[in-house]
Amino acid sequence: MKKIIIAIDGYSSSGKSTMARDLARRIGYVYVDSGAMYRAVTLYAIEHGMASPEKGVDTAALVNALPDIHISFTPAGNDGIQHTLLNGKDVEREIRDMQVSSLVSPVAVIPEVRHHLTALQQEYGKEKGIVMDGRDIGTTVFPAAEMKVFVNASPEERARRRVKELTEKGENVTYEDVLENIRERDHIDTTRKESPLRKAEDAVLLDNDNMTIEQQMEWLLKLYEDRDR
Ligand code: DC
């Protein structure tokens, strides 16, 4: 079967990463989490004193440091999850914490950061046979992707899912803080100048407020099979 590029975009915590990862595993494709790349750049900025909740992001310093930031992924382990490496170090856990979550959107508005990561993402897609999830995959990174999905759910439902996920990992978070972070990220992601989050015209919309993970997977597989005939 001819290999294609599958772009899955959507709001934060809409469940798109889980869907994208599961789909890639089921059909033997490579999965790339583009959000993890923005998170890794943000972690680098925090660790090098270029970003903090008090001072925000030092854009000039971060842009200068871009050539020193190397991001890669380990192959998926037994749990099916690939880990993000920042300059060779496994940072999969750190990039998911609340500090990174609250600073990642301001980092992701920086055009130079976007250009740098977009080029890297396009490199991954050269051989096709890839599922990539993010905010601008169907619009900017792979506008010619053969299959595009745009995932949405209400902020409240997304906050509930995120609290569950973080609590299971042992993080101490409140529903109100998580909801506020989600609303703030939605706002920054949809209103930024450079590749704002929006549905590509040819993307298929999935509103998953009232769907289980299994139902979403079934829906996605059917879409893939129908396209690939
Ligand atoms: O999918 P995520 O929540 O891990 O993404 C983290 C942040 O990265 C998100 O708030 C916006 C940004 N992002 C982006 O701007 N473009 C992408 N393709 C992926 C993520």
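Everything below is about the structure printed above this text.
This report concerns the structure included in the present document. (Residues numbered from 1 in each chain as written. Predicted model: local features only at pLDDT ≥ 70, side-chain atom pairs only at ≥ 80, totals over all residues. Heavy atoms only, no water.)

## Concerning empty space enclosed by the protein
What counts is decided by this rule: The definitions used throughout rest on a 1 Å grid laid over the protein atoms alone, on which a cavity is an enclosed set of points accommodating a 1.4 Å probe that cannot get out and a pocket is an open set flanked by protein within 12 Å on both sides along at least five of seven lines; lining residues are those having an atom within 4 Å of a point. Grid points are joined across faces, edges and corners, and a volume is the space filled by probe spheres set on the points. Amino acid classes used here: Ala, Val, Leu, Ile, Met, Phe, Trp, Tyr, Cys and Pro are nonpolar; Asp, Glu, Lys and Arg are charged; the rest, including Gly, are polar.
In the structure shown here, the tally under the stated rule is one cavity of 30 Å³ or more. Of the pockets and cavities examined, the largest cavity occupies roughly 60 Å³. Surrounding the largest cavity, Arg21, Tyr31, Asp33, Phe73, Ile81, Gln82, Thr84, Glu92 and Arg96 form its lining. Grouping the constituent residues of the lining of the largest cavity by class yields three nonpolar, two polar and four charged.

## With respect to the site of the ligand
Note the threshold: Here, proximity means that at least one heavy atom of the residue falls within 4 Å of the molecule or strand. A 3.5 Å cut-off defines polar contacts: any pair of N or O atoms within that distance qualifies, except that in protein one atom must be a possible hydrogen donor and the other a possible acceptor, and neighbouring residues in sequence count only when both atoms are side-chain atoms. For this analysis, a molecule is said to be in a pocket or cavity if more than half of its atoms are within 2 Å of the grid points defining it. The helix count covers DSSP runs of H or I at least four residues long, the strand count covers runs of E at least two residues long, and both are numbered beginning at the N terminus.
In the vicinity of the ligand there are 17 residues, among which Arg39, Arg114, Arg135, Asp136 and Arg192 approach most closely. Residue Ser34 places a side-chain N or O atom 3.0 Å away from a nitrogen atom belonging to the ligand. Ser105 is positioned such that a nitrogen or oxygen atom in its side chain is 3.1 Å from an oxygen atom of the ligand. Of all the cavities here, the one that holds the ligand is the largest pocket. Of all the elements, helix H2 (residues 34-47) adds the most residues to the shell around the ligand, at four residues. Across the shell around the ligand, the residue classes break down as four nonpolar, five polar and eight charged.

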